Amino acid sequence: MNFNRKEYTDDELLALYKAILKPRMIEERMLVLLRQGRVSKWFSGIGQEAISVGSALALEADEYILPLHRNLGVFTSRNVPLDRLFAQFQGKKTGFTKGRDRSFHFGTNEHHIVGMISHLGPQLAVADGIALADLLDNREKVTLVYSGDGGASEGDFHEALNVAAVWGLPVIFMIENNGYGLSTPSSEQFKFSHFIDKGPAYGIDALQIDGNNVLEVYDTVRQAAYSMRKNPRPMLIEAITFRMRGHEEASGTKYVPQELFEKWAKKDPVDNFERYLLEELVLTQKAMEGIREEIKAEIEEGLQTAFGTPMPEANREEELADMYAPFEQEVIKPASDAKTEKRFVDAISDGLRQSMERYPELVLMGQDIAEYGGVFKVTEGFVDQFGKARVRNTPLCESAILGVGLGMSVKNKKSMVEMQFADFVSAGFSQIVNNLAKSHYRWGQHADVVVRMPTGAGTAAGPFHSQSNEAWFFHTPGLKIVYPSSPYDAKGLLNAAIEDPNPVMYFEHKLLYRSISQEIPDDYYTVEIGKAKLVAEGSDLSIITYGMGVHWAKQLQQEMPEISIDILDLRSLLPWDKEAVRDTVARTGRVIVLHEDTLTGGIGGEIAAWIGEHCFELLDGPVTRVASLDTAVPFAPPLEQEFLPKQRLREKVEAVLTF
Ligand SMILES: Cc1ncc(C[n+]2csc(CCOP(=O)(O)OP(=O)(O)O)c2C)c(N)n1
């Protein structure tokens, strides 16, 4: 192995040595504990330490690093206290996730580290978001994120690199090419020869380095970072290395040819560097022993403290509360009585514009939302007022942009991500349900992202431009969901969603955009999230609904003046207003839950179940759901009309009334 110390001083080389020795010694200790059954799971980075350590030390202390499962050296190089690190591995409350997530699945803003979720690839776009926030605020910083050769097959890898290239984001994409993804060798993972071949294809500079040479890693990353701070752009660094143990300790290494272990054992990153320093007389045998003793003592002390702390005690209230970043909404009233008639779409636009004025940290991202104004023209004229930095056209990549939103939250920015159609959110699903939704619960990082969802059928747009998919998210703790049905609520709830530091899915029905209007306040105001609205008071029957259902119910009331309908517009689906639901049930005793979404697994099922469980004594008949057919949304208007619940509503109402 060739070490070139260039101008580096003895002290710098010694610091590198101590830093690479520490994760190795921790791992050796972990393997003993594992055999003793005192640690349950371990992903070994033995053989790959030079990459974590060399790259982490090459950055400034406040530059963010996003490590993966083999990057123990990042945590140790950032001086994460060992007692807390071990407590984290053991699921103790004194770890970084209060026992809620395992191993390296945590971040710590104190150490400028954002940890992974198991899905690997989503991490890459989060790095883009952090880098974008730095870029927008003119901080000369780089962000470092890792990927394995296996994880690089994920679509998220492509999306994150492409966004970084197009937006000139100072992100170092460090590819640890260790030849295997679990048991799958590179030959079955990809067809190209080297990851550096991919760089130019994205318009990204790429370098290949010996990932077992800590000095080479350190020097390369230092130089890359220096250049990227001055001239912001991404860089791909492919570090060639080898995984000396199994994917995780329980999974073995039977599939790896023995000669590979023999070959790579000779390239051990710790032994080789140690030998070099001894030869260079930077290190003496005695000093080496002293360093080892010191690290050993630190490890033992950390372990003792961690083992000495009890397992967490479950506190139900705390667990539930921590799903969300703490936030007490103060409903804001308009400053004056001035009102203007606005269509639903204009109310959304109005709210968004006023939120942009109110929050300089708010950034809008979406396909075609800049000069073009978005396909529904919600952001028309925004570029002129706020500039392209804050009104950002994105490449066609929902997953990456949602990940960018989380990264921006790490830097205390707010983002609004516009889905061109709600249907396309499926391409970014994992970022929402795994990353944004769980981040606060896992390690206390809020995700200040609003996802706008132009939703719904009735426009003969077929199965992929018409879906109601709010139930996909309703089942995910950590998210909030709002779904206005009037221009007043559309503006007030959008403002409220943007104010809230939690991830909020904001559903806006396309059919309402230009078909309804209302006088609404000119000033900024908010509507309470989680609060339903009684649209009409009645005594014979309750229709509990939201979105388009509110309009169907109102229309039915006009068509059936002989009955008196209590119409409750939920407005917020997560959380939903149980008190208002109980009140309407108490008023009428007969209930229909109506929604445009398909029947099975729809939100109506949850509401009906809750009513059955909590309001049984108030009921005079079975709670009845009215929803779309359990099919995809069909294209041709006659089929679509049959699909939608509107025409079944009257007959269901009559059945409930005569029960
Ligand atoms: C989306 C997803 N699919 C599958 C897995 C299971 N899994 C975890 S790590 C891993 C292999 C990753 O290989 P690579 O990216 O090369 O990193 P390495 O483990 O070699 O460091 C697999 C298949 C996962 N965690 N997430």
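These numbers come from a predicted model, not from an experiment.

Criteria and cut-off values
- Per chain, residue numbering runs from 1 following the sequence as it is written.
- Totals for whole chains, interfaces and linings use all residues, but because this is a predicted model, local features are given only for residues with pLDDT of at least 70 and pairs of side-chain atoms are given and counted only at 80 or more.
- The side-chain values count all of the structure's non-hydrogen atoms but skip hydrogen atoms and water molecules.
- One bridge is not enough; two strands pair if DSSP finds at least two bridges between them.
- In DSSP terms, a helix is any run of H or I states spanning at least four residues, a strand is any run of E spanning at least two, and both are numbered starting from the N terminus.
- Side-chain atoms within 4.5 Å link the members of a nonpolar core, which is a set of buried Ala, Val, Leu, Ile, Met, Phe, Trp, Tyr and Cys residues.
- Relative accessibility under 20% of the residue-type maximum defines a buried residue, over 50% an exposed one, and the middle range a partly exposed one, all with a 1.4 Å probe and only protein chains included.
- Residues count as neighbours in contact if any of their non-hydrogen atoms are within 4.5 Å of one another.
- UniProt positions are given in the numbering used here, feature names are shortened, and annotations may be inferred rather than shown by experiment.
- For this description, a residue counts as near a given molecule or strand if any of its non-hydrogen atoms is within 4 Å of it.
- Two N or O atoms form a polar contact when they lie within 3.5 Å of each other; inside protein one atom must be a possible hydrogen donor and the other a possible acceptor, and for residues adjacent in sequence the pair counts only when both atoms belong to side chains.
- All accessible areas in this document rest on Shrake-Rupley with a 1.4 Å probe, and a residue is counted as covered only by the protein chains that are shown.
- Three residue categories are used. Nonpolar comprises Ala, Val, Leu, Ile, Met, Phe, Trp, Tyr, Cys and Pro, charged comprises Asp, Glu, Lys and Arg, and polar comprises the others, including Gly.
- All axes are obtained by fitting lines to C-alpha atoms, using only the stretch in contact for helices, and the reported angles, taken between N-to-C directions, cover 0 to 180 degrees.
- Should the near helix be turned anticlockwise from the far one by less than a right angle, the crossing is termed left-handed; should it be turned clockwise, right-handed.

## Digging into the sheet that holds strand S3 (residues 171-177)
In spatial order, the strands read S1-S2-S3-S7-S6; together these 5 strands make up an open sheet with parallel pairing. Each end of this open sheet is capped by a strand with a single partner; those strands are strand S1 (65-66) and strand S6 (205-210). Here S6 pairs with strand S7 (residues 235-240) via 6 bridges, running parallel. Paired with Ala-206 across the bridge in S7 is Leu-236.

## Notes on the nonpolar core
Phe-273, Ile-432, Phe-473, Met-505 and Ile-611 are the most contacted members of the largest nonpolar core, which has 147 residues in total. Per element, the largest residue contribution to this core is 12 residues, and it comes from helix H1 (residues 10-35). The residues contacting Met-505, other than those within four sequence positions of it, are Val-425, Ile-432, Val-451, Met-453, Phe-473, Leu-479, Lys-480, Ile-481 and Val-482.

## Section: unusual backbone geometry
A cis amide bond links Leu-574 to the next residue, Pro-575, at an omega of -5 degrees. With respect to the helices and strands, Pro-575 occurs in the loop between strand S19 (572-574) and helix H21 (578-588). Despite not being glycine, Leu-120 shows a phi value in the positive range, around 70 degrees. Residue placement: Leu-120 occurs in the loop between helix H4 (82-89) and helix H5 (122-136). The backbone phi angle of Lys-377 is positive, close to 65 degrees, even though this residue is not glycine. Assignment of secondary structure puts Lys-377 in the loop between strand S9 (362-366) and helix H14 (382-386). Residue classification places Lys-377 among the partly exposed residues on the basis of a relative accessible area of 29%.

## What about the UniProt feature "domain: Transketolase-like pyrimidine-binding" (unreviewed entry) in the chain?
Per the UniProt record, the feature "domain: Transketolase-like pyrimidine-binding" (unreviewed entry) sits at residues 342-515. Taken end to end, residues 342-515 is 37% helix and 18% strand, and its first and last C-alpha atoms sit 11 Å apart.

## Considering the site of the ligand
Taken together, 14 residues lie around the ligand, and Arg-70, Ser-118, Gly-150, Gly-151 and Tyr-180 are the ones closest in. At a separation of 2.7 Å, an oxygen atom of the ligand approaches a polar backbone atom of Gly-150. Here an oxygen atom of the ligand and a backbone polar atom of Tyr-180 are 2.8 Å apart. Contact with the protein chains hides 69% of the accessible area of the ligand, taken as 580 Å² for the molecule alone. For the shell around the ligand, the per-class residue count stands at 3 nonpolar, 9 polar and 2 charged.

## Section: the packing of helix H2 (residues 49-58) against helix H8 (residues 214-230)
Interhelical geometry of H2 versus H8 gives an angle of 35 degrees and a closest axis separation of 8 Å. The two elements H2 and H8 cross, and the hand of that crossing is right-handed. Taking contact as the criterion, the partners of Ala-50, Ile-51, Val-53, Gly-54, Ser-55, Leu-57 and Ala-58 in H2 are, on H8, Val-214, Val-217, Tyr-218, Val-221, Arg-222 and Arg-229. For the contact of H2 with H8, the per-class residue count stands at 9 nonpolar, 2 polar and 2 charged.

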